[in-house]
Amino acid sequence: MSLDRELNKRSGSKCELCAATENLKVYQVLPTQKGGTDEAIMACDTCIDQIENAGHEDLNHWRCLNDSMWSEHVAVQVVAWRMLSRLRNNGWPQELLEQMYFDEDTLAWAQATGEGEDDENKIVHRDSNGVILEHGDSVVLIKDLKVKGSSMVAKQGTAVRNIRLDHENAEYIEGKVDGQQIVIITQYVKKI
């Protein structure tokens, strides 16, 4: 059974965060280890857009977390924790956040994207022009880069799509160049 069908069945064809029934998609809860239903949720376009675009949240929309934070599925709990952490300065999200409890591994997963950290402690990835990079962005190389451990040279002007961020180092991103997954230093890329 496909991931989409499994999540649709699990969620009852509803967004696992706000219970919307339209414009549903599979949302991978990053960082993933094995993939599959344990690391994904069924979410609507509205929730996904607000999750991925910090600063554009509709506070009243997220009152749905009062219910979804108690989901039996850990991936849903993790996303609820991240959104409550992001919105915690608005009063009621902090109260809900204080009611949540995670074991060490789940808390580490929830904190892996930097939600819940003070802004000065948060790891922010920036390209050569200082533009903030997000998971899934596309970048272009601004100089030829030799790839360590191989004879490959990633050429200037090469587009790298669907990048992944290193959640421990703000200077590193990952992406595929010529079919090979490589680590790239952010000072050598420009967001497209």
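As the structure is a prediction and not an experimental result, all values here were calculated from the model. (Residues numbered from 1 in each chain as written. Predicted model: local features only at pLDDT ≥ 70, side-chain atom pairs only at ≥ 80, totals over all residues. Heavy atoms only, no water.)

Draft legend 1. Summary view of the sheet that holds strand β8 (residues 172-177). Strand order across the open sheet formed by 3 strands is β7-β8-β9, with antiparallel pairing between neighbours. Since the sheet does not close on itself, it has two edges, and those belong to β7 (164-165) and β9 (180-185), each with one partner. Bridging between β8 and β9 involves 6 bridges; their strand directions are antiparallel. Paired with tyrosine 172 across the two strands is isoleucine 185, which belongs to β9. (Pairing = 2+ DSSP bridges. Helix = DSSP H or I, 4+ residues; strand = E, 2+ residues; numbered from the N terminus.)

Draft legend 2. Local environment of the sheet that holds strand β10 (residues 189-191). Ordered in space as β6-β3-β10, the 3 strands form an open sheet in which the pairing is antiparallel. The open sheet has two edge strands with one neighbour each: β6 (159-160) and β10. Of the strand pairs in this sheet, strand β3 (residues 139-141) and β6 are connected by 2 bridges, and their pairing is antiparallel. Residue pairing across strands places valine 140 opposite alanine 159, the latter belonging to β6.

Draft legend 3. How the structure looks around the layout of surface pockets. If you add up the space inside the second largest pocket, you get close to 280 Å³. Elements with a minimum of two residues in the lining of the second largest pocket: β4 (145-146) and β9. Per-element tally for the lining of the second largest pocket: the top contributor is β9, with 4 residues. Here the residues of the lining of the second largest pocket sort into 9 nonpolar, no polar and 2 charged. (1 Å grid on protein atoms, 1.4 Å probe; cavity = no way out; pocket = protein on both sides within 12 Å on 5 of 7 lines; lining within 4 Å. Points joined across faces, edges and corners; volume = space filled by probe spheres on them. Nonpolar A, V, L, I, M, F, W, Y, C, P; charged D, E, K, R; others polar.)

Draft legend 4. Structural detail: helix α6 (residues 104-111). All of the buried residues in α6 are Thr106, Trp109 and Ala110. All buried residues of α6 fall inside an arc of 100° around its axis, so they share one side. Of the exposed residues in α6, those oriented more than 90 degrees away from the buried face are Glu104 and Asp105. Next to the buried residues of α6 lie α4 (74-87). Where α6 starts, the residue carrying a side-chain oxygen 3.1 Å from the main-chain nitrogen of aspartate 105 turns out to be aspartate 103. (Buried < 20%, exposed > 50% of the residue type's maximum accessible area, 1.4 Å probe, protein only. Arc of directions from axis to C-beta. Contact = heavy atoms within 4.5 Å. Polar contact = N/O pair within 3.5 Å; in protein donor to acceptor, adjacent residues only side chain to side chain.)

Draft legend 5. A look at the side chain of histidine 125. Structurally, histidine 125 can be placed in the loop between α6 and β3. Here aspartate 166 takes part through its backbone oxygen, which lies 2.8 Å from a polar atom of the side chain of histidine 125. Engagement of the side chain of histidine 125 in a polar contact is seen with the backbone oxygen of tyrosine 172, the distance being 3.3 Å. Apart from the residues lying within four places of it in its own chain, the contact partners of histidine 125 are Val131, Ile132, Leu133, Leu165, Asp166, Asn169, Ala170, Tyr172, Ile173 and Thr186.

Draft legend 6. How the structure looks around the pairing of strand β2 (residues 40-44). Counting buried positions over the 5 residues of β2 gives 5, a clear majority of the element. Burial of the side chains of β2 extends over both faces: Ala40, Met42 and Cys44 are buried on one face and Ile41 and Ala43 on the other. Bridge analysis of strand β1 (residues 24-28) against β2 gives 5 bridges, and the strand direction is antiparallel. The residue bridging leucine 24 from the neighbouring strand is cysteine 44, located in β2.

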